[in-house]
Amino acid sequence: MLDKFITPVIKQILSPVVVLLDKQKVHPDQLTLVGFGLGMLAVPFLVMQQWYTALFFIALNRIIDGLDGALARYQKHTSAAGGFLDICVDFVFYAAIPLGFALANPNENALAAAVLLTVFIGTGSSFLAFAIPAEQLNLPRPQFANKSFYYLNGLTEGTETIAFFVAFCLWPAYFPELAYSFAFLGAITIFTRIHGGYHTLKNHTVKKSGSKKLEVNKPAVKETVIEEPRI
């Protein structure tokens, strides 16, 4: 929900770093993999209940995640392959954080983590499933025009996810309550994405087929040939 407001601000903040990375000949895909590796280091620290250290690596991952896309656009290296890699490692990272809390305290956190992961599957599936037909139908995407594929909005997006991850680390004793709250908001996102995405695709398909039908049934205009008078 907040991504469309936060993304432009972050873009301005990260611009000097992007220029520096470009001078060092860093490739965006390399940055994506480094960020993923650093983010996954949060998991063992969560298991050891080193909350602030885990939060440090979570923050590093999110900062680098903002940098790789900005660097790709700056270098004109945006590609479907890069977008695919980025979204894959992001989803693995998102799933790994609740897992870390579950392993840290299975008795208290395991059920809440399982519920949250189930919701993550729903939000991720609805997000990616819409992107495929949206790309085929060439739907407009004014809010995320620079992304490598279509981003379907929702109540819980990247900004909200990170806000809850930070809350998990700051108040780990309340992980179950926070996880259930986040899962509830995520469930709303699943519903709105499926409902809105279905009707958007249905209406767009109907309009597209209707315009083709009109084009086929359009009466042919006979050419009027004016012959010059013979002298």
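Attention in this report is confined to the structure presented alongside it. None of these values were measured; they are calculated from a predicted model.

**Focus: the overall build of the protein**
For step 1, the next point in the chain: Counting its regular elements, the protein contains eight helices and zero strands.
For step 2, the next point in the chain: Taken from N to C terminus, the helices and strands of the protein fall in the order α-α-α-α-α-α-α-α.
For step 3, the next point in the chain: Relative to its full complement of 231 residues, the protein shows a buried share of 38%.
For step 4, the next point in the chain: Taking the intrachain contacts of the protein between residues at least 6 apart in sequence as the baseline, contacts between residues at least 24 apart amount to 75%.
For step 5, the next point in the chain: Total accessible area on the protein stands at roughly 14,200 Å², and carbon and sulfur atoms take up 66% of it.

**Examining the side chain of Thr161**
For step 1, the next point in the chain: Within the secondary structure layout, Thr161 lies in helix H7 (residues 158-170).
For step 2, the next point in the chain: Apart from the residues lying within four places of it in its own chain, the contact partners of Thr161 are Tyr94 and Phe182.

**Observations concerning the nonpolar core**
For step 1, the next point in the chain: In this structure, Ile97, Phe101, Phe165 and Phe168 are the most contacted members of the largest nonpolar core, which totals 30 residues.
For step 2, the next point in the chain: Breaking this core down by element, the ones donating at least two residues are helix H3 (42-47), helix H4 (51-74), helix H5 (80-104), helix H6 (106-137), H7 and helix H8 (175-217).
For step 3, the next point in the chain: Excluding residues within four positions of it along the chain, Ile97 makes contact with Ala42, Leu46, Ile58 and Phe165.
For step 4, the next point in the chain: Counting nine residues, the second-largest nonpolar core is a separate cluster that includes Leu14, Val18, Ile64 and Leu71.

**Some thoughts on unusual backbone geometry**
Negative phi characterises most residues that are not glycine, and trans characterises most peptide bonds.
For step 1, the next point in the chain: The phi torsion at Lys25 lies on the positive side, around 60°, for a residue other than glycine.
For step 2, the next point in the chain: In this fold, Lys25 is placed in the loop between helix H1 (3-23) and helix H2 (28-40).
For step 3, the next point in the chain: The backbone of Gln49 shows a phi angle near 60°, a positive value even though the residue is not glycine.
For step 4, the next point in the chain: Examined against the element boundaries, Gln49 turns out to sit in the loop between H3 and H4.
For step 5, the next point in the chain: Residue Gln49 is classed as partly exposed on the basis of its relative accessible area, which comes to 41%.

**What to know about the packing of H2 against H5**
For step 1, the next point in the chain: At a minimum axis separation of 10 Å, H2 and H5 run at an interaxial angle of 5°. The orientation of H2 with respect to H5, classified from their angle, is roughly parallel. On the side of H2, the interface is formed by Asp29, Thr32, Leu33, Phe36, Gly39 and Met40, while H5 contributes Gly82, Leu85, Asp86, Val89, Val92, Phe93 and Ala96.
For step 2, the next point in the chain: Its residues assigned to classes, the contact of H2 with H5 shows eight nonpolar, three polar and two charged.

**Focus on the pattern of salt bridges**
Proximity of charged atoms lets side chains of opposite charge pair with each other.
For step 1, the next point in the chain: One pass over the structure, following the stated rule, counts two salt bridges.
For step 2, the next point in the chain: The residue Arg62 makes a salt bridge to Asp65 at a minimum N-O spacing of 3.3 Å. On the criterion of helical spacing, the pair formed by Arg62 and Asp65 is a turn pair, its members being three residues apart in helix H4. The same class applies to Arg62 as to Asp65, namely buried.
For step 3, the next point in the chain: Residue Arg62 pairs with Asp90 through a salt bridge whose shortest N-O separation is 3.0 Å. Here the residue Arg62 occupies a position in helix H4, and Asp90 occupies one in helix H5, the gap between them amounting to 28 residues.
For step 4, the next point in the chain: A residue is classified by how much of its surface remains accessible, and Arg62, at 14% relative accessible area, is buried.
For step 5, the next point in the chain: Salt bridges here are not isolated pairs; linked through shared partners, they connect Arg62, Asp65 and Asp90.

About the criteria used
- Residues numbered from 1 in each chain as written.
- Predicted model: local features only at pLDDT ≥ 70, side-chain atom pairs only at ≥ 80, totals over all residues.
- Heavy atoms only, no water.
- Helix = DSSP H or I, 4+ residues; strand = E, 2+ residues; numbered from the N terminus.
- Buried < 20%, exposed > 50% of the residue type's maximum accessible area, 1.4 Å probe, protein only.
- Contact = heavy atoms within 4.5 Å.
- Areas by Shrake-Rupley, 256 points an atom, 1.4 Å probe, with all protein chains shown as cover.
- Core = buried A, V, L, I, M, F, W, Y, C linked by side-chain atoms within 4.5 Å.
- Axes fitted to C-alpha atoms, helices over the stretch in contact; angles between N-to-C directions.
- Parallel < 35°, antiparallel > 145°, perpendicular 65-115°, else oblique.
- Nonpolar A, V, L, I, M, F, W, Y, C, P; charged D, E, K, R; others polar.
- Salt bridge = Lys/Arg side-chain N within 4 Å of Asp/Glu carboxyl O.

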